[in-house]
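Listed below are the residues making up each chain.
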Amino acid sequence: MTFSHHPIRTTLACLAVLLPALSLSLAAQPAPGRAPLSRLVPAGLTRAAHETTVEPEPPRDAVPTALRPPVLLIPREHPSEVLSQSQKAVRDADRHFHSGKFFLQEGKPGDARREFDLAVDVLLAVPESAPDRNLAEKKFEELIRLIHRYDVDSLGAGVSPENPVFVQSPLPEILDLTFPIDPRLKGKALAVVAAASSQLPLTVNDAVLSYINFFTSPRGKRVIEYGMKRSGRYRAMISRVLDEEGVPQELIHLAQAESGFAPRAVSYMAAAGMWQFVRSRGAEYGLAVTRLSDDRLDPEKATRAAARHLRDLYGQLGDWYLAMAAYNCGPYCVERAVQRTGYADFWELHSRRALPRDTMNYVPAILAMAIVCKNPRAYGIDLSSQDAPLEYDTIRMSAATSMALLADAADVAVSELRELNPGILKTAAPDGYEVRVPKDKGNSILAALESVPAGRRAAWRLHRVAEGDTLPLIARRYSAAPAAIVSANSRLDASFFDAPRSGELLIIPAVLRELPAPARRAAAARGAARGVAQKGSTARLATVSQNRRTSGR
């Protein structure tokens, strides 16, 4: 059974008589043990999420009774509320999904899979004639994405929290090879260049045609299609940054050549990230590297640094082709070649073999990619399938905060946060670090974090109560003492924990447990094995030889 889209033809009847009295009653009498509604929204969070800063935290020894109530509550239906078939299906699917998450974290993947399947089945059972069936459709699409995320985490395919997987930077295979020239491609390439607008001069000569020939071969097409599919996540951001820094848009293909748009790509000489910076060059452009984080792996920060570096190279050498060559082998290598020959022209240096072989092939390869991607259909390349752009809010941490706690607050899988934050190397975001979180969730996440003392955010958790949860079950899940959970949630009546109500968000005083050395070594071995597997499946395009990496980026 597949979904088809139907407009909403009916609406729920409005309980006009009951609502005024109900509103007055709720306003006058807040629920026992709970703060009035006006206290649920922390002050200072009305600005856009990327501009929001966390208010100063209470001292680390603050008493739990002073904690502000979390705001991430799932509304519970009123006993007299009349639900449509779609609304009831969405409610039941949510319950099954939250039960599945509970079983996953209890180490019971079979039970989790059963609950996830039930969540999907409930939505599929909504008849096509239901007037508000679009509610079930929307929830179905949301759950499919979320279930995939939790499956990735539970099966160990996500990033290891202690040893994140790095993908080998793709360049070594092609730059050392020679490709034949197909004379038939010249006319097509010239026509593409003449018809397309370009901020970068696009030259068509034998060196470029040899790479066009490769990129239009079955193997080369896969290289282009793989990289450009992944580029969908970052293309809008890269285009914006290049424009802001005054760099030709076609230089986005440097990221394609360097990493295939993989943020965690590394070379044998320790150049890292989508734009392959070595540590010293990255530091010149503000890319900090610490034990806990590496800005070279942050797509936006690295793109900004690469654009400024390319702009500086252009200012130094006066030519975009020479700037591209210098990005590959280093500006001093190019300057020495210009001084030896007397020619400040890339193609003259190319003909005189005054540059390293990899660099002589690097520029033609990028020009070939730019030409092919100007009109991919002309070369039989399908670029219609691209990853959806990553959208996010940015929030600044006021204390070291575990990724698990952030995932609890955002109600997403940890792997989704790691995908948004490849620069975070360990299990926690450092104090002061700008963390990217799902779009439109920045304010609610900041508000939820306020419930946890700043000094406890590296260990404590948040738990959303699901149907069937009990205090002993929740305590066992997080290896926490039941009495500690009750104490940390003193805003709630003690009777709440006899039968926790679905939808409430609880503070969990969990204990941070470091992996012992043998476990860390085992995790490192698993990460390395996954890295080898990813290396084999990653499309390989050129990268620069290892013997010159230290003089380049």
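What you see is a predicted model; the values in this text were computed from it and never measured.

Looking now at the overall build of the protein. Across its full length, the protein holds 21 helices and 8 strands. Put simply, the protein has 553 residues, and 48% of those count as buried. The long-range fraction of contacts in the protein, counting pairs at least 24 apart against all pairs at least 6 apart in sequence, stands at 75%. Approximately 25,800 Å² of the protein is accessible, and the part contributed by carbon and sulfur atoms is 56%.

Moving on, we come to helix α18 (residues 442–449). Counting buried residues along α18, 6 of its 8 residues qualify, which places the element largely inside the surrounding structure. Listed in full, the buried residues belonging to α18 are G442, I445, L446, A447, A448 and L449. Looking at the buried residues of α18, the elements they touch are β3 (392–396), β4 (401–402), α16 (403–410), β6 (434–438) and β7 (461–464).

Another aspect to go through is the packing of aromatic side chains. Counted by the stated rule, this structure contains 8 aromatic pairs. Site record: aromatic cluster; members linked through ring pairs are Y211, F214 and F215. Sitting above the plane of the Y433 ring, K301 keeps its charged end 4.9 Å from the centroid.

This next bit is on the nonpolar core. One finds I212 and W275 to be the most contacted residues of the largest nonpolar core, which totals 73 residues. By size, the runner-up hydrophobic cluster in this structure holds 26 residues, among which are Y433, V435, V452 and A459.

Below, the discussion takes up the environment of A89. Checked against the element boundaries, A89 lands in helix α2 (residues 85–105). Distance from A89 to V122, taken between C-alpha atoms, is 5.7 Å for residues 33 residues apart in sequence.

Before going further, it helps to examine the state of the cysteines. Under the counting rule described, the total for this entry stands at 0 disulfides. Left without a disulfide partner, C329 is nearest to the cysteine sulfur of C333, which lies 3.4 Å away. Classification of C329 by relative accessible area gives buried; the value is 1%.

This part covers the side chain of D408. Within the fold, D408 resides in helix α16. Leaving out residues up to four positions away in the same chain, D408 has contacts with R461 and L462.

This brings us to the pairing of strand β8 (residues 505–508). Of the two faces of β8, the one carrying L505 and I507 and the one carrying L506 and I508 are both buried. Pairing of β7 with β8 involves 4 bridges; the strand directions are antiparallel. Bridge pairing links H463 to L506 in β8.

Conventions used here
- Residues numbered from 1 in each chain as written.
- Predicted model: local features only at pLDDT ≥ 70, side-chain atom pairs only at ≥ 80, totals over all residues.
- Heavy atoms only, no water.
- Helix = DSSP H or I, 4+ residues; strand = E, 2+ residues; numbered from the N terminus.
- Buried < 20%, exposed > 50% of the residue type's maximum accessible area, 1.4 Å probe, protein only.
- Contact = heavy atoms within 4.5 Å.
- Areas by Shrake-Rupley, 256 points an atom, 1.4 Å probe, with all protein chains shown as cover.
- Phe/Tyr/Trp six-rings, centres within 6.5 Å; stacked < 30°, edge-to-face > 60°.
- Lys NZ or Arg CZ within 6 Å of the ring centre and 35° of its normal.
- Core = buried A, V, L, I, M, F, W, Y, C linked by side-chain atoms within 4.5 Å.
- Disulfide = S-S within 2.5 Å.
- Pairing = 2+ DSSP bridges.

As far as function goes, none of this settles anything; it's purely spatial.
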